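A look at the structure
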Amino acid sequence: MHRNFLVFTLAAMLLPGVAQANECPTAATAKKGFMLLQVDTQSEFREHQGPIVKIVNRFGGPMQTVFSYRGLIELSRMDAEAPRAIYALSDLKDIFPLKKGAAHKISFVPLEPDEPADGEWTFELAVTGQETFKLEDCKYKVWRVRQTTRNGSEMVDGWSALYSPDLGATLAKIYGEGTANEYTVRYERIRPLQR
């Protein structure tokens, strides 16, 4: 039994890419990369270049790659089912740092083969508050950011992000906020990555 325990412990220590579970990534260490996990999903976050974050999602099947501006604004999503991208016409630098009560309207062009680029597409951000978000033993201050996508006056999509500026990552998404149908999709665990 003692030998089996040692073999298991050694094997766990040698798993590639993931550091020990009790380490909480911080604003300083998040730059080395980290993984967010939930029941059927693992998302690997790494700095790509400058403010661009590369997120690799695995759902138990094909891999999905997302490029995001500071982990908050999705610029492109590459997968086999529904690849998409946007070209921002507004300066995204003006949005950060986030502040309570701030509101931003970003004009963009969708770059999708099956989506016409007609009409004025906008992405609206409203920072509605700040709270603490817990991932196992790790705690992070997050901004609640309401995100609304419109084509002209028509609302195409809407939800709220719980966004950690220290990690540069959206830790949860709240749909139907303030309604009887409200539900949250959230990560449950976090792991630092080793380079």
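Please read all numbers here as calculations on a predicted model, not as lab measurements. (Residues numbered from 1 in each chain as written. Predicted model: local features only at pLDDT ≥ 70, side-chain atom pairs only at ≥ 80, totals over all residues. Heavy atoms only, no water.)

This part takes up the pairing of strand E1 (residues 34-38). Taken across its five residues, E1 has five buried, putting it largely inside the fold. Burial of the side chains of E1 extends over both faces: Phe34, Leu36 and Gln38 are buried on one face and Met35 and Leu37 on the other. Where E1 and strand E2 (residues 41-49) come together, five bridges link them in antiparallel fashion. Across the sheet, the residue bridging to Phe34 is Phe45, located in E2. The antiparallel hairpin formed by E1 and E2 contains two residues in its connecting segment. In terms of strand pairing, E1 meets strand E13 (residues 189-192) through four bridges, oriented antiparallel. Its bridge partner being in E13, Leu36 is matched across the sheet by Ile190. (Buried < 20%, exposed > 50% of the residue type's maximum accessible area, 1.4 Å probe, protein only. Helix = DSSP H or I, 4+ residues; strand = E, 2+ residues; numbered from the N terminus. Pairing = 2+ DSSP bridges.)

A full pass over the atoms with the stated rule returns one disulfide. One disulfide bridge connects Cys24 with Cys138, the sulfur atoms lying 2.0 Å from each other. What sets the handedness of the Cys24 and Cys138 disulfide is the S-S torsion sign, and at about -90° it is left-handed. Placement of the pair is Cys24 in the loop between helix H1 (2-13) and E1 and Cys138 in strand E9 (residues 138-151), with a sequence separation of 114 residues. Residue classification places Cys24 among the partly exposed residues on the basis of a relative accessible area of 32%. (Disulfide = S-S within 2.5 Å.)

Moving on, we come to the layout of surface pockets. Within this model, the largest pocket holds a volume of roughly 1000 Å³. Split into classes, the residues belonging to the lining of the largest pocket amount to 20 nonpolar, twelve polar and eight charged. Taken as a whole, the second largest pocket spans an internal volume of roughly 360 Å³. Residue lining of the second largest pocket: 21 residues in total, with Arg70, Pro165, Asp166, Leu167 and Gly168 positioned closest to the centre. Of all elements in the fold, only E2 and strand E3 (52-58) reach the threshold of two or more residues within the lining of the second largest pocket. The element that contributes the greatest number of residues to the lining of the second largest pocket is E2, accounting for three residues. Partitioned by chemical class, the residues of the lining of the second largest pocket number 14 nonpolar, two polar and five charged. (1 Å grid on protein atoms, 1.4 Å probe; cavity = no way out; pocket = protein on both sides within 12 Å on 5 of 7 lines; lining within 4 Å. Points joined across faces, edges and corners; volume = space filled by probe spheres on them. Nonpolar A, V, L, I, M, F, W, Y, C, P; charged D, E, K, R; others polar.)

What follows concerns a nonpolar patch on the surface. Together, Tyr87, Leu89 and Leu111 give the surface a local cluster of nonpolar side chains, amounting to about 340 Å² of exposed area. Considering the arrangement of structural elements, one finds Tyr87 in strand E6 (residues 84-88). (Patch = residues over 30% accessible without salt bridge, like charges linked within 9 Å, V, L, I, M, F, W, Y side chains within 5 Å. Areas by Shrake-Rupley, 256 points an atom, 1.4 Å probe, with all protein chains shown as cover. Salt bridge = Lys/Arg side-chain N within 4 Å of Asp/Glu carboxyl O.)

To continue, consider the pattern of salt bridges. The full count for this structure, using the stated rule, is eight salt bridges. Its salt-bridge partner being Arg77, residue Glu74 comes within 3.0 Å of it at the nearest N-O pair. By relative accessible area, which is 24% here, Glu74 ends up partly exposed. Arg77 sits in the partly exposed class, given a relative accessible area of 22%. A salt bridge links Arg150 to Glu124; its shortest N-O distance comes to 3.1 Å. Highlighted residues: Arg150 in strand E9 and Glu124 in strand E8 (residues 121-135), separated in sequence by 26 residues.

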